[in-house]
Structures are given as structure tokens and as C-alpha cells.
Amino acid sequence: MSVDTATVKRVAKLARIRVSDDEAAHLEGELNAILGFVEQLSEVDIEGVEPMTSVTEMAMKKRQDAVTDGGKAADITANAPNSEDNFFLVPKVVE
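Our subject in this report is the structure included herewith. Residue positions are given per chain, counting from 1 as you read along its sequence in written order. The predicted nature of this model means local features are confined to residues of pLDDT at least 70 and side-chain atom pairs, given and counted, to a pLDDT of 80 or more, with totals for whole chains, interfaces and linings taken over all residues. To get the side-chain values, all heavy atoms of the structure are used, and hydrogens and water are removed first.

## Observations regarding the overall build of the protein chain
Then comes step 1: Counting from the N terminus, the helices are the DSSP runs of H or I reaching at least four residues and the strands are the DSSP runs of E reaching at least two. Helix and strand counts for the protein chain stand at 3 helices and 2 strands.
Then comes step 2: A radius of gyration in this sense is built from C-alpha atoms; the matching globule rule multiplies 2.2 Å by the number of residues raised to 0.38. A compact globule built from 95 residues should have a C-alpha radius of gyration of about 12 Å, whereas the protein chain, at 28 Å, is more than 25% larger.
Then comes step 3: Across its three principal axes, the protein chain shows a C-alpha extent of roughly 65 × 50 × 20 Å.
Then comes step 4: Only protein chains enter the accessibility calculation, which uses a 1.4 Å probe. A residue is then buried if its area is under 20% of the maximum for its type, exposed if over 50%, and partly exposed in between. Within the span of the protein chain, comprising 95 residues, buried residues form 7% of the whole.
Then comes step 5: Taking as baseline every contact in the protein chain between residues at least 6 positions apart, the subset at least 24 positions apart corresponds to 29%.
Then comes step 6: The Shrake-Rupley method, run with a 1.4 Å probe sphere, supplies the accessible areas, and residue values consider only the shown protein chains as cover. By element, 56% of the accessible surface of the protein chain is carried by carbon and sulfur atoms, the whole surface being about 9,500 Å². We call two residues contacting when some pair of their heavy atoms lies within 4.5 Å.

## Details of the nonpolar core
Then comes step 1: As used here, the term nonpolar core means buried Ala, Val, Leu, Ile, Met, Phe, Trp, Tyr and Cys residues forming a set that is joined through side-chain atoms within 4.5 Å. Judged by nonpolar contacts, Val3, Val8, Ala12, Val19 and Ala24 together constitute the single largest core of 5 residues.
Then comes step 2: With residues up to four places along the chain from it excluded, the contact list for Val19 reads Ala12, Ala24 and Leu27.

## Some details on the pattern of salt bridges
Then comes step 1: Only one rule defines a salt bridge in this text: a Lys or Arg side-chain nitrogen within 4 Å of an Asp or Glu carboxyl oxygen. Counting across every chain of the model gives 1 salt bridge.
Then comes step 2: We note a salt bridge from Lys9 to Asp21, for which the minimum N-O separation is 2.3 Å. You can see Lys9 sitting in helix 1 (residues 5–14) and its partner Asp21 sitting in helix 2 (residues 21–42), a full 12 residues away along the chain.

## Observations concerning the packing of helix 1 against helix 2
Then comes step 1: For the pair helix 1 and helix 2, interaxial distance at closest approach is 9 Å and the crossing angle is 100°. It follows from the interaxial angle that helix 1 and helix 2 lie roughly perpendicular. Across the interface between the two elements, Thr5, Val8 and Lys9 of helix 1 pack against Asp21, Ala24, Leu27, Glu28 and Leu31 of helix 2.
Then comes step 2: For the contact of helix 1 with helix 2, the class distribution of residues is 4 nonpolar, 1 polar and 3 charged. Fitting a line to C-alpha atoms yields each axis, with helices limited to the stretch in contact; the angle taken between N-to-C directions then spans 0 to 180 degrees. Here roughly perpendicular refers to angles of 65 to 115 degrees, roughly parallel to angles under 35, roughly antiparallel to angles over 145, and oblique to all remaining angles. As a working rule, the residues Ala, Val, Leu, Ile, Met, Phe, Trp, Tyr, Cys and Pro are called nonpolar, Asp, Glu, Lys and Arg charged, and the rest polar, with Gly in that last group.

## Observations regarding a nonpolar patch on the surface
Then comes step 1: Surface patches are defined over residues having more than 30% relative accessible area and no salt bridge, joining like charges when they lie within 9 Å and nonpolar side chains (Val, Leu, Ile, Met, Phe, Trp, Tyr) when within 5 Å. Taken together, Phe37, Leu41, Val44, Ile46 and Val49 make up a surface patch of nonpolar side chains, about 520 Å² in accessible area.
Then comes step 2: Counting through the fold element by element, Ile46 comes out in the loop between helix 2 and helix 3 (73–77).
Then comes step 3: Given a relative accessible area of 60%, Ile46 falls into the exposed group.

## So, unusual backbone geometry
Then comes step 1: Even without being glycine, Arg16 reaches a positive phi, approximately 60°.
Then comes step 2: Examined against the element boundaries, Arg16 turns out to sit in the loop between helix 1 and helix 2.
Then comes step 3: For Asn86, which is not glycine, the phi torsion reads 60° and is therefore positive.

See the structure below:
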């Protein structure tokens, strides 16, 4: 895949980036180099390679997926200046 100056200017417009003609020519070369590298990566044989989450093998930490109320409402409102039934009380600001 090859990028031309018109494509560079269109991408810059979509990204809301002001690009001069000189900058567009420079960016055209850079984007073509990046796309060339991506094409090289697609040629790599990855058959039999398992995906990794880390360079060292480890089990993922998982928690029980359960819905709870948190059980901390009283702790959260304990330092509030005013609270009632585990809700914050604030002054009325809208008449």
C-alpha cells in the first residue's frame, strides 16, 4: 500500500492537523515507511506461537464476578460533614 500527498492531506484534515505542502511531502515518506514495516510484519510465520500476556508465564489473577453493594457505605460517609442513611447531605444550590 502506498500513500500519496493527497492522502496525507486528507488524513491531516480528518485529524484536524494543519500540514503545509513541505510537511506533507515529508509525512508521505514516513507513512510509506511505516506501512512498509507493517507489510513486513504480515509476512512473519506465527504458526504455533501462542499469544502472551507477559514475558514470563503466569496465571492471570481473577476475582469472583459477583454483584454486591460494596458493603462500605458507612465507611465512605463516616468522614462526611453531614450524612443520613449512608447518603451525603449537601446544601441546596438550586431554587
